[in-house]
Amino acid sequence: MTDRSHTELYSKLLAFVEEHGHAALEGVAERGMPASRALEFMALLEAHRVPLYGLEVWRNCPGGYDLDVSSIWYCSSGLHHQYSEAREGLRLAQPTPADLVAVQFG
């Protein structure tokens, strides 16, 4: 991948996160999105073989969001292309439409 195409791809990925993501906590740069959008984003990562490092589910609670520590998924050491495993982890987490999913990628 050339530097220009790499830059264009990451600009596209960041634009997706900006458009569909929401801050789970005030003052935090990380953005989460509804699970349906997270799956769409993960498909985009997979199509371009972009490393996927982890997923966090932020549960919608009275007064804001709380990180569901039991639903965190992260890649196995050195294996950054476990897209199907990540989708299965998200399925098992069973996020509701009101929850947010943060996707860590590289």
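Located above this text is the structure these notes cover.
Here is a short report on the structure shown in this document. Just so you know, the residues in each chain are numbered from 1, in the order the chain's sequence is written. The predicted origin of the model limits local features to residues at a pLDDT of at least 70 and limits the giving and counting of side-chain atom pairs to 80 or more, whereas totals for whole chains, interfaces and linings rest on all residues. Based on all heavy atoms of the structure, the side-chain values leave hydrogens and waters out of the count.

1. What to know about the pattern of salt bridges
Filter applied, for reference: The term salt bridge refers to a pairing of a side-chain nitrogen on Lys or Arg with a carboxyl oxygen on Asp or Glu at a separation within 4 Å. Helix and strand assignments come from DSSP, with helices taken as H or I runs of at least 4 residues and strands as E runs of at least 2, each series counted from the N terminus. Think of it in three bands: with a 1.4 Å probe and only protein chains considered, a residue is buried below 20% of the maximum accessible area for its type, exposed above 50%, and partly exposed in between.
Under the counting rule described, the total for this entry stands at six salt bridges. For the salt bridge of Arg87 with Glu46, the shortest nitrogen-to-oxygen distance reads 2.9 Å. Of this pair, Arg87 sits in helix H3 (residues 83-93) while Glu46 sits in helix H2 (residues 35-47), and the two are 41 residues apart along the sequence. Owing to a relative accessible area of 31%, Arg87 belongs among the partly exposed residues under this scheme. Each of Arg59, Asp68 and Asp99 takes part in salt bridges that share partners, so that together they form one network.

2. Focus on the packing of aromatic side chains
Basically, it comes down to this: The aromatic pairing rule takes the rings of Phe, Tyr and Trp, using the six-membered ring of Trp, and pairs them if the centres are within 6.5 Å, calling planes under 30 degrees apart stacked, those over 60 edge-to-face and the rest tilted.
All told, the structure shown has three aromatic pairs when counted by the stated rule. Aromatic pair Tyr10 and Phe105: ring centres 6.3 Å apart, planes at 25 degrees, arrangement stacked. Placement of Tyr10 in helix H1 (residues 3-20) and of Phe105 in strand S6 (residues 100-105) is noted, with a sequence separation of 95 residues between them. Take Tyr10: its relative accessible area is 18%, and that puts it in the buried class. For the ring pair Phe41 and Phe105, a centre distance of 5.2 Å and an interplane angle of 75 degrees mean the geometry is edge-to-face.

3. Some remarks on unusual backbone geometry
Even without glycine at this site, Arg49 takes up a positive phi of about 55 degrees. On the accessibility criterion, Arg49 (53% relative accessible area) is exposed.

4. A word on the nonpolar core
This is how the line gets drawn: Note on terminology: a nonpolar core comprises buried Ala, Val, Leu, Ile, Met, Phe, Trp, Tyr and Cys residues joined through side-chain atoms within 4.5 Å. Residues are treated as being in contact if the distance between any of their heavy atoms lies within 4.5 Å.
Ranked by internal contacts, the top residues of the largest apolar core, which has 24 residues, are Leu13, Phe41, Leu45, Leu52, Leu55, Val101 and Val103. Take this core: its biggest share by element is six residues, from H2. Leaving out residues up to four positions away in the same chain, Leu52 has contacts with Met42, Leu45, Trp73, Cys75, His80, Tyr83, Ala86, Val103, Gln104 and Phe105.

5. Some points on the side chain of Arg59
Along the polypeptide, Arg59 turns up in strand S3 (residues 52-61). Note on Arg59: relative accessible area 18%, which makes it buried. Once you skip the residues sitting within four places of it in the chain, Arg59 turns out to touch Gly64, Tyr65, Asp66, Asp68, Ser71, Ala93, Gln94, Pro95, Thr96 and Asp99.

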